[in-house]
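# Tertiary structure, described
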Amino acid sequence: MVGILAAMNRDQIRRRVEELAPWYQNIDLGDGVWTKDLEGSRDIFSGHDIPGPLWRVIARDLPADLSGHRVLDIGCNAGYMSFQTKQMGADYVLGIDSNLGAGTSFIHQAEFCRSVLGLDVDFREQSFFDYTPEQPFTLVLFCGVLYHLEDFATALDKVMTFAVPDTGLIVLETAVEPITQTRPGLRDYNGDTSTFFVPSVGVLTELVRERGLRIEIVRTLGTRAVVFMRPPL
Ligand SMILES: C[S@@+](CC[C@H](N)C(=O)[O-])C[C@H]1O[C@@H](n2cnc3c(N)ncnc32)[C@H](O)[C@@H]1O
């Protein structure tokens, strides 16, 4: 499979990008080919360059060299952050995604991008609630997922178990509002009916602290927050 795709020319790659649309993440496949059509309307959150700008904020606070790291990218979507961390030198990277709201499979998109980019990253099509790793991870990315989850407290408990106790780094990124909101049923949040839980920064940090997670950095970016934290021993 890798060999076949590596042999694809630019037009074939562009055609496959169209076949796998709609895309949520905008990934640079080289040679001027990107997954999203930022001028058109075929994608999820059309016209939005996701998650490049967010990733640049997160990456500022990560070690530049991730060699020696095992990375878990929860809700990896088409693999943007998985690829970035691999390119930063991580020893092992796993992206997991359950395809919530996917037009085509996000994991099929990720596998296609992996083949074009020639990066050694593993992907699993599965809910992270159902995943138990054999070894914990030194870096856990949990970005853009918490607000989708009605079971947000259980989700935080589960995410903690993925990281190496005490020293593992968990990067949580989620939607925030001045006053905590839950949005059951089909009440949309900025046009998204799959958003359930939008806490205030205070509620978010309290949810994290009451689990014994140690917060190292909190950054707010408008209606998003990024929290760097470590699990208890
Ligand atoms: C808003 S996107 C965020 C993608 C990426 N992490 C980013 O920040 O660009 C949310 C992703 O989480 C995935 N997701 C939602 N619930 C999940 C679950 N229980 N297990 C694994 N993935 C999940 C969705 O399929 C989707 O790809």
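Structure first, text after, so check above.
Below you will find a few notes about this structure.

What counts and what doesn't
Residues numbered from 1 in each chain as written. Predicted model: local features only at pLDDT ≥ 70, side-chain atom pairs only at ≥ 80, totals over all residues. Heavy atoms only, no water. Helix = DSSP H or I, 4+ residues; strand = E, 2+ residues; numbered from the N terminus. Rg over C-alpha atoms; globule rule 2.2 N^0.38 Å. Buried < 20%, exposed > 50% of the residue type's maximum accessible area, 1.4 Å probe, protein only. Contact = heavy atoms within 4.5 Å. Areas by Shrake-Rupley, 256 points an atom, 1.4 Å probe, with all protein chains shown as cover. Lys, Arg positive; Asp, Glu negative; His and termini not counted. Charge placed at Lys NZ, Arg CZ, Asp CG, Glu CD. Disulfide = S-S within 2.5 Å. Near = heavy atom within 4 Å. Polar contact = N/O pair within 3.5 Å; in protein donor to acceptor, adjacent residues only side chain to side chain. Pairing = 2+ DSSP bridges. Right-handed = clockwise from strand over helix to strand, strands pointing away. Salt bridge = Lys/Arg side-chain N within 4 Å of Asp/Glu carboxyl O.

## With respect to the overall build of the protein
- When helices and strands are counted, the protein shows 7 helices and 9 strands.
- Its C-alpha atoms give the protein a radius of gyration of 17 Å, near enough to 17 Å, the size a compact globule of 233 residues would have.
- Judged by the C-alpha coordinates and their principal axes, the protein covers about 50 × 40 × 30 Å.
- Taken over 233 residues, the protein has a buried fraction of 48%.
- Contacts spanning at least 24 positions in sequence make up 59% of the contacts within the protein whose residues lie at least 6 apart.
- Within the structure as shown, the protein displays about 10700 Å² of accessible surface, and the carbon and sulfur contribution to it stands at 50%.
- Measuring between centres, the 21 positive side-chain charges of the protein sit 2 Å from its 31 negative side-chain charges.

## Side note on the state of the cysteines
- For the structure shown, the criterion picks out 0 disulfides.
- Just so you know, Cys113 is unpaired, no disulfide at all, and the nearest cysteine sulfur is the one on Cys76, 11 Å from it.
- Between Cys143, a cysteine without a disulfide, and Cys76, which holds the nearest cysteine sulfur, the sulfur-to-sulfur distance is 12 Å.

## What to know about unusual backbone geometry
- A cis amide bond links Ala21 to the next residue, Pro22, at an omega of 5°.
- In this structure, Pro22 sits in the loop between helix H2 (10-20) and helix H3 (52-60).
- The phi dihedral of Asn99 is positive, around 65°, even though this residue is not glycine.
- By the element assignment, Asn99 lies in the loop between strand S2 (92-97) and helix H5 (106-117).
- One non-glycine residue with positive phi stands out, namely Asp166, at about 75°.

## Things to note about the environment of Gly202
- Looking at the element boundaries, Gly202 is found in helix H7 (residues 201-209).
- Using a relative accessible area of 45% as the deciding quantity, one classes Gly202 as partly exposed.
- Sequence separation between Gly202 and Arg42 is 160 residues, and the spatial gap between their C-alpha atoms is 37 Å.

## Observations concerning the site of the ligand
- Around the ligand sit 20 residues in total, of which Gln25, Gly75, Asp97, Leu100 and Cys143 are the nearest.
- Between the ligand and Asn77 there is a distance of 3.0 Å, counted from an oxygen atom to a side-chain nitrogen or oxygen.
- In this structure, Ser127 approaches the ligand through a side-chain N or O atom, which is 3.1 Å from a nitrogen atom.
- In isolation the ligand has 600 Å² of accessible area, and contact with the protein removes 95% of it.

## Focus: the pairing of strand S5 (residues 169-175)
- Of all 7 residues in S5, 7 are buried; the element is thus mostly enclosed.
- What you see with S5 is no split at all: Leu169, Val171, Glu173 and Ala175 on one side and Ile170, Leu172 and Thr174 on the other are buried throughout.
- As paired strands, strand S4 (residues 139-143) and S5 are joined by 5 bridges and run parallel to one another. In the strand pairing of S5, Val140 is matched with Ile170.
- Handedness of the β-α-β unit built from S4, helix H6 (residues 152-162) and S5 comes out right-handed.
- Where S5 and strand S9 (residues 224-230) come together, 6 bridges link them in antiparallel fashion. Following the sheet pairing, Ala175 is matched in S9 by Arg224.

## Describing the environment of Phe106
- With respect to the helices and strands, the residue Phe106 is situated in helix H5.
- The spatial distance from the C-alpha of Phe106 to the C-alpha of Ala7 is 22 Å, given a sequence separation of 99 residues.
- Apart from residues no more than four positions distant in its own chain, Phe106 is found in contact with Tyr24, Ile44, Asn77, Ala78, Asp97, Asn99, Leu100 and Gly101.

## Focus: the pattern of salt bridges
- Across all of its chains, the model carries 10 salt bridges by this definition.
- Between Arg16 and Glu19 there is a salt bridge, and its shortest N-O distance comes to 2.7 Å. Of this pair, Arg16 and Glu19 both sit in helix H2, 3 residues apart, which is roughly one turn of that helix.
- Of the residues examined, Arg16 reaches a relative accessible area of 31% and is grouped as partly exposed.
- With a closest N to O distance of 2.7 Å, Arg42 and Asp43 form a salt bridge.
- The class of Arg42 is partly exposed, set by a relative accessible area of 24%.

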